[in-house]
2 protein chains.
Amino acid sequence: MTNTAQQNDLANAIRSLSMDAVEKANSGHPGLPMGCADIATVLFTKVMKFDPANPHWADRDRFILSAGHGSMLLYSSLYLLGYEDMTIDQVKNFRQIGSKTAGHPEFGHATGIETTTGPLGQGLANSVGFAVAEAKLAAEFGADIVDHHTYVLAGDGCLMEGISQEAISLAGHLKLNKLIVIWDNNNITIDGKVSNADSTDQIARFKAVGWNTIEIDGHDQDAIEKALNDAKASTDKPTLIAAKTTIGFGAPKKAGTEKVHGAPLGGEELAGAKAALGITYPAFEIPSAILDTWRAAGTRSQNLRGEWEARLQANGKKDEFTRRMSGKLPADFTQAMNDYKRKLAEDKPKVASRKASQMALEVINKALPETLAGSADLTHSNLTNTPETLPFQADNRLGRYMMYGIREHEMGAAMNGVALHGGLIPYGGTFMVFTDYARPAIRLSALMEQRVIYVMTHDSIGLGEDGPTHQPVEHLTALRAIPNLLVFRPADAMETAECWELAMQAQHPAILALSRQNLPAVRTEFSDENKSAKGAYTLLGPADADAVIFATGSEVAIAVEAQKQLSAQGISARVVSVPSMELFAKQSDSYRAEVLGSAKARVAVEAGIEMSWNKLLGDRGRFVGMHSFGASGPIDALYEHFGITPKAVVEAVTAQL
Amino acid sequence: MTNTAQQNDLANAIRSLSMDAVEKANSGHPGLPMGCADIATVLFTKVMKFDPANPHWADRDRFILSAGHGSMLLYSSLYLLGYEDMTIDQVKNFRQIGSKTAGHPEFGHATGIETTTGPLGQGLANSVGFAVAEAKLAAEFGADIVDHHTYVLAGDGCLMEGISQEAISLAGHLKLNKLIVIWDNNNITIDGKVSNADSTDQIARFKAVGWNTIEIDGHDQDAIEKALNDAKASTDKPTLIAAKTTIGFGAPKKAGTEKVHGAPLGGEELAGAKAALGITYPAFEIPSAILDTWRAAGTRSQNLRGEWEARLQANGKKDEFTRRMSGKLPADFTQAMNDYKRKLAEDKPKVASRKASQMALEVINKALPETLAGSADLTHSNLTNTPETLPFQADNRLGRYMMYGIREHEMGAAMNGVALHGGLIPYGGTFMVFTDYARPAIRLSALMEQRVIYVMTHDSIGLGEDGPTHQPVEHLTALRAIPNLLVFRPADAMETAECWELAMQAQHPAILALSRQNLPAVRTEFSDENKSAKGAYTLLGPADADAVIFATGSEVAIAVEAQKQLSAQGISARVVSVPSMELFAKQSDSYRAEVLGSAKARVAVEAGIEMSWNKLLGDRGRFVGMHSFGASGPIDALYEHFGITPKAVVEAVTAQL
């Protein structure tokens, strides 16, 4: 089959804008937009449900360009469909500072960009979270309010990244039938033919993890439409549509080669491509007949949206649904947390902060039906479960617990998708050391400023015998280095409650670094002030003390013991707990000066490396912590072996006085 | 079929030692050693080729316990086989500080531990590197010198991690027929049944990436032996042996459940297991009949080894093979590098440091036949290729270039395997921002102190239009945070040559952070001293300057320009280039003091975040660099936008004076 003239015109409008924008920017990736223009045309003009005039419509279908380098495919389409903020000037300003049309799609820059993509595999991995959120919210609120699909366009790169296996095996297991992935099967990567580096039978691979598969010619719009409709009919499996395409379709010399992937075509090749495609109009000037057809397609779902609005207005759960999708917490949340903190002040529990986290979650999960819990197969170590959290499975869409399996990276990426979809607040656990496995997803949580909460237990050598492969040493510093990320390391149950409250209230992702070992209560008075909110505060000791000792998490108790020992020697010391360096950095100069003080001796103690402390310690400060990888042994022996003890803190103080 | 009494006795010796060691340590993982004892027994007593008396024999088969938590399986076997350093006291000291028997197998602790495992999937991913090294060295030196297999024991966790897909798809593509993976198919993970989180048809999955597959009962030793021999007969495919096992085999109540995975059995269950298994001897006391049989099996390959020695002695390539396996560089390497540096001093090329890296590699790859180059599908961006580097493929085992595909994580892990195997020095490229994707492997390079070189180009916002997803900001700090890792950021072609020389000479892994953009030559005089070896040095300016400006990589030229502008204002400044903070930290106090100096103004400029500079800057220093994620735009506009300019450096200096 071949496309009609009109079908070609619509697709060529994408190709034309994409070629021209890349050429004007003298930078970018024309190959994918040219190769996938037919797919995008069918998706956006015939299959998908959305409304450019109401781009945040909760029940819209989502489109995720996992192969984010092909951003002009998306920008061209959004312009053609009539998204108001995607003007032709934005298209012309492709890849310029301040434009909405960044090199890769950046969430928040323009409506219609559902997630930030570019690091390969991430969009595909996000999409599982989108589909989970849809399935869960549909179960909670009913299919008349929530009933949409998640479409992904993924390239060979996405499928070669390891995270893709985590994503597709989880999606297959969960039977996420409303997830539809179109694979831009062009057999080209940057270094040449896919067959240089990979011989995977992708169809067999997807079947092996429970997917429905369809193979088509990605330039046959009727075949594309049929495949998408067949995919939508799947009731128990996600679908892979393997669409055979030609990268740089239309380029006379470069089509079908890596040369068209990531560089402008160049004047001659561009002219040749336009001639071959029958594009006769000037750069950036789409003829009105074509533009009108696109714009009309953009209004296609307005009736559906209107009917949906009416159904929502009539629905008894309307207010709750609206609140949930807005991301606002219920008004009584703070009260619930304060009641819990009051109880903690009475009980003074000596528990591991991972256990304190579970205790806080028992309050949170009761107060907030929107939490979506989970763990990467370490539930009883991370203590991320509560009585509310029955598993989310194919046969229980009301479940609130994601059994992510041993897929830390997908957990992070799926949580990004859940958060971006809206209506749910995801948190998920693994060991702190495995933040390394999830790091690319954590970075995207931070870049997109999504409320995703990483519950990272076993946060130091304090985990003991599992040894250096499992002991975080550099991780607190490495995570504090990521912009927009809140890294919390609470000292006891009270601080853990406060940090959880802050994580829930934040417009950023958060890491909760939690101990395996028990920690004594160091905060035993109730206050309705969230002391952790300032990032650091004086826990005990006089303002004019001879020494100030900074500590976080499990080392706060060491600082408190050192303070006692110093006091016995006639040296006064102040202990400052630092649950979050990021929040402390945001405080006023006067507050910071007050907390830092002017004591002669300044010591920080943390069972990690020094690097993130140097700013705070300055020239005179000393650090007690790790200077190497850890070791396998019982916890007490390890702290002694690595010299992270009250005695070491006392010595560091007295050496300065 | 059932095992003979002797077969059972041999396997039960592993079970007994493993149960007892975990019980004594009151910590550890008995489930895997009990479940896989039959597999290990067959592997070590019947199939594998090795010599405990010569544990470093170059042509030994390698065994990799990818499911590293089952470390007692390995320690028990090494003791039973008669490895001298694995005494019964070491077994008794399981998981204690200073023992060779850490919680997870740590490379370097005991002979017979071929790689550090524990972070799931890494061993499997390493194994591909081992098998590549074997195939390549066999092609170079002949099958009479190099002809061995790589055996892997992997669990469900290893197979669920994304890196496993990168590993097996690469291995299948490369037709690494001497790689044999045994999957401990026990259907249990920490959170319960595998079916809670995964429904993958693993056989179909491995077939889809070109593997031979065999399914067996993992407790039938004859079936295990037959499967392993069948696998060895494979000529064009790696083999997966799916071995159905019972986790904690023999434990009366806990066998087949997650309860036996990661905790001691407890007295009653332990006694019950021993009774069920027919183990009547005391803890840690293997009866001599059983021990003798094991020890005899340990000597099984001595003749083979003797014959191999004789062949090696008679081989014309003996000296080169021995040198290569020792890891020593040829004597004339330094000379070659100095000749090249002399040429650079004449040519003063203005090139990107990624290009300078390629120029250095043209010298290195000619001088060192042992380099194994590669890139994760960014060859022409990373410039990791030279005329010598034809691709290593199934039909070209002499190739020196790994087309890793879009598999950054596997690239790192495979390079670890190549380095551990010996005989080759691996280096591989991707974009600096994707160190995040490879981070768990980079950490293991560092923990194992392996000479693995990461060529990380596009190292800052200087990459321009690709935008924040591709622009490293926090990465230099996050990498500097990892112990044992050398992070180099050279300023020009001369420093790039020096850093490459240092990386080749190092006993640690190295990151080379390289620019996309051209950089002027700042080092234009020849010196046979490797100035970068001290980590930081005065590039220009008087010792008693008013100000000192520290910079790395692409920002050194900015510092030089600032120095010129300051000079025009009558302010003298000294510029210090800091190619490696780690090496600078190792210098004498006097050298450090000399380089730091006592100037009133101290400024550092680097197109990354501040954190890793605070120690050096101290209280008075100022930092010019990044304070957020980057943006999409042309390079000059970005440097201006983020204020990383000579003007900003000048202002930071004058503000302090």
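Residues numbered from 1 in each chain as written. Chains lettered and ligands numbered in written order. Predicted model: local features only at pLDDT ≥ 70, side-chain atom pairs only at ≥ 80, totals over all residues. Heavy atoms only, no water.

The name given to chain A in an unreviewed UniProt entry is Transketolase, with the source organism recorded as Devosia rhizoryzae. Among the UniProt annotations of chain A, the heading Subunit (unreviewed entry) holds the following wording: "Homodimer." Turning to chain A, the UniProt annotation filed under Function (unreviewed entry) states: "Catalyzes the transfer of a two-carbon ketol group from a ketose donor to an aldose acceptor, via a covalent intermediate with the cofactor thiamine pyrophosphate." (UniProt positions renumbered as here; feature names shortened; annotations may be inferred.)

Colleague: Is there a simple way to explain the pairing of strand S19 (residues 601-605) of chain B in this structure?
Modeller: A regular strand places its side chains so that they alternate between the two faces of the sheet. Residue and element names in this part refer to chain B. Of all five residues that make up S19, five are buried, and the element is covered over most of its length. Relative to S19, strand S17 (residues 547-551) runs parallel, the two being bridged by five bridges. Among the inter-strand pairings, Ile-549 is bridged to a residue of S19, identified as Val-603. (Buried < 20%, exposed > 50% of the residue type's maximum accessible area, 1.4 Å probe, protein only. Helix = DSSP H or I, 4+ residues; strand = E, 2+ residues; numbered from the N terminus. Pairing = 2+ DSSP bridges.)

Colleague: Teacher, can you tell me more about the sheet that holds strand S19 (residues 601-606) of chain A here?
Modeller: To summarise the sheet geometry, strands pair through backbone hydrogen bonds and adopt either a parallel or an antiparallel arrangement. Residue and element names in this part refer to chain A. As summarised here, the arrangement of the five strands in space is S16-S18-S17-S19-S20, forming an open sheet in which the pairing is mixed. Each end of this open sheet is capped by a strand with a single partner; those strands are strand S16 (537-540) and strand S20 (622-625). On average, each strand axis in the sheet is tilted by 30° relative to the strand beside it, whichever way the strands run. Alignment of strand S17 (residues 547-551) against strand S18 (residues 573-577), held across five bridges, turns out to be parallel. Its bridge partner lying in S18, Ala-551 is registered against Ser-577. In the packing of helix H27 (residues 646-656) onto the sheet, the strands contacted are S17, S19 and S20, and the crossing angle to S19 comes to about 160°. (Axes fitted to C-alpha atoms, helices over the stretch in contact; angles between N-to-C directions. Contact = heavy atoms within 4.5 Å.)

Colleague: How should I be thinking about the interface of chain A and chain B in this particular structure?
Modeller: Often, the extent of an interface is quoted as the loss of accessible area upon association of its parts. With 95 residues of chain A in contact, the opposing surface of chain B contributes 95 residues. Both sides together, the interface formed by chain A and chain B hides about 7,700 Å², and carbon and sulfur atoms give 58% of it. Its largest share of buried area at the contact with chain B, chain A owes to Ile-97, Arg-443 and Phe-629 of chain A, together 10% of the area lost on that side. At the boundary of chain A with chain B, the tally comes to 10 salt bridges. Salt-bridge contacts for Asp-466 of chain A lead to Arg-95 of chain B; the nearest nitrogen and oxygen are separated by 2.7 Å. Summed over the shared surface of chain A and chain B, the result is 47 residue pairs in polar contact (both at pLDDT 80 or more). No other element matches the eight residues that helix H19 (residues 435-447) of chain A contributes to the side of chain A that touches chain B. (Buried area = accessible area lost by both parts, 1.4 Å probe. Salt bridge = Lys/Arg side-chain N within 4 Å of Asp/Glu carboxyl O. Polar contact = N/O pair within 3.5 Å; in protein donor to acceptor, adjacent residues only side chain to side chain.)

Colleague: Mind showing me how you'd approach helix H15 (residues 333-347) of chain A here?
Modeller: Helical geometry note: an α-helix holds 3.6 residues per turn, so side chains three or four residues apart project in the same direction. Compared with the 21 Å implied by 1.5 Å per residue over 15 residues, the 21 Å span of H15 of chain A between its first and last C-alpha is a close match. Two residues or fewer past H15 of chain A, Lys-348 of chain A is found with a positive phi of approximately 45°. (Expected span 1.5 Å × (residues − 1).)

Colleague: I'm lost on unusual backbone geometry in this one. Help?
Modeller: Trans is the prevailing form of peptide bonds, just as negative phi is the prevailing case for residues other than glycine. All names here are of chain A. With phi around 65°, Asp-377 is a residue other than glycine that occupies positive phi space. Within the secondary structure, Asp-377 is located in the loop between strand S9 (371-375) and helix H17 (379-382). Taking the relative accessible area as the measure of exposure, Asp-377 reaches 6% and is therefore buried. For His-458, which is not a glycine, the phi torsion comes out positive at approximately 60°. By the element assignment, His-458 lies in the loop between strand S12 (453-457) and helix H20 (475-480).

Colleague: Honestly, the relation of the copies chain A and chain B in this entry has me stumped. Any pointers?
Modeller: Both copies of the chain are tied together by a single rotation about an axis and a shift running along it. When chain A is fitted onto chain B, the two copies agree to an RMSD of 0.0 Å after a turn of 180° and an axial shift of 0.0 Å. These values place the two chain copies in the arrangement generated by a two-fold rotation axis. The overlap is high: 100% of the interface residues of chain A also sit at the interface in chain B, so the same surface is used on both sides. (Least-squares fit on C-alpha atoms with pLDDT ≥ 70 in both.)

Colleague: How should I be thinking about the pattern of salt bridges in this particular structure?
Modeller: Side chains bearing opposite charge may pair, as long as their charged atoms lie close to each other. The full count for this structure, using the stated rule, is 60 salt bridges over all chains. Its salt-bridge partner being Arg-60 of chain B, residue Glu-114 of chain B comes within 2.8 Å of it at the nearest N-O pair. Within this pair, whereas Glu-114 of chain B is found in the loop between helix H5 (88-92) and helix H6 (122-141), its partner Arg-60 of chain B is found in the loop between helix H3 (37-47) and strand S1 (62-65), the two being separated by 54 residues in sequence. Residues joined in a network through salt bridges with shared partners are Lys-136, Glu-140, Glu-320, Arg-323, Arg-324 and Glu-370 of chain A.

Colleague: What is the right way to read the pairing of strand S11 (residues 425-431) of chain B from this model?
Modeller: Residue and element names in this part refer to chain B. Most of S11 sits inside the fold, with seven of its seven residues counted as buried. Note that strand S9 (residues 371-375) and S11 share three bridges and pair parallel. Counterpart to Thr-371 in the pairing with S11 is Ile-425. Considered for its hand, the β-α-β crossover made up of S11, helix H19 (residues 435-448) and strand S12 (residues 453-457) is right-handed. (Right-handed = clockwise from strand over helix to strand, strands pointing away.)

Colleague: Any chance you could explain the sheet that holds strand S7 (residues 239-244) of chain A here in plain terms?
Modeller: Residue and element names in this part refer to chain A. The sheet built from five strands is open, its strands ordered S1-S2-S3-S7-S6 with parallel pairing. At either margin of the open sheet sits one strand with a lone partner, and together these are strand S1 (62-65) and strand S6 (212-217). Averaged over all adjacent pairs, the angle separating strand axes in this sheet is 20°, with direction ignored. Sheet topology note: the S1/strand S2 (residues 150-154) ladder contains four bridges and is parallel. The residue bridging Leu-65 from the neighbouring strand is Leu-153, located in S2. Where helix H6 (residues 122-141) meets the sheet, it contacts S1, S2 and strand S3 (179-185), and its direction lies at approximately 170° from that of S2.

Colleague: Just checking my understanding: could you explain the packing of aromatic side chains for this structure?
Modeller: Each pair of aromatic rings is reported with the distance of its centres and the angle of its planes. Following the criterion strictly, the structure yields 24 aromatic pairs over all chains and no others. With a centroid separation of 5.2 Å and 70° between ring planes, the pair formed by Phe-141 of chain A and Phe-321 of chain A is classed as edge-to-face. Here Phe-141 of chain A, found in helix H6, pairs with Phe-321 of chain A, found in helix H14 (residues 318-326); they are 180 residues apart in sequence, far enough to count as distant. Phe-321 of chain A shares its class with Phe-141 of chain A; the two are buried. Consider the rings of Tyr-75 of chain B and Phe-94 of chain B, whose centres lie 6.0 Å apart with planes at 70°: the pair is edge-to-face. Taken together, the residues Tyr-75 of chain B in helix H4 (residues 71-81) and Phe-94 of chain B in the loop between H5 and H6 connect sequence positions 19 residues apart. Each of the two residues, Tyr-75 of chain B as well as Phe-94 of chain B, counts as buried. (Phe/Tyr/Trp six-rings, centres within 6.5 Å; stacked < 30°, edge-to-face > 60°.)

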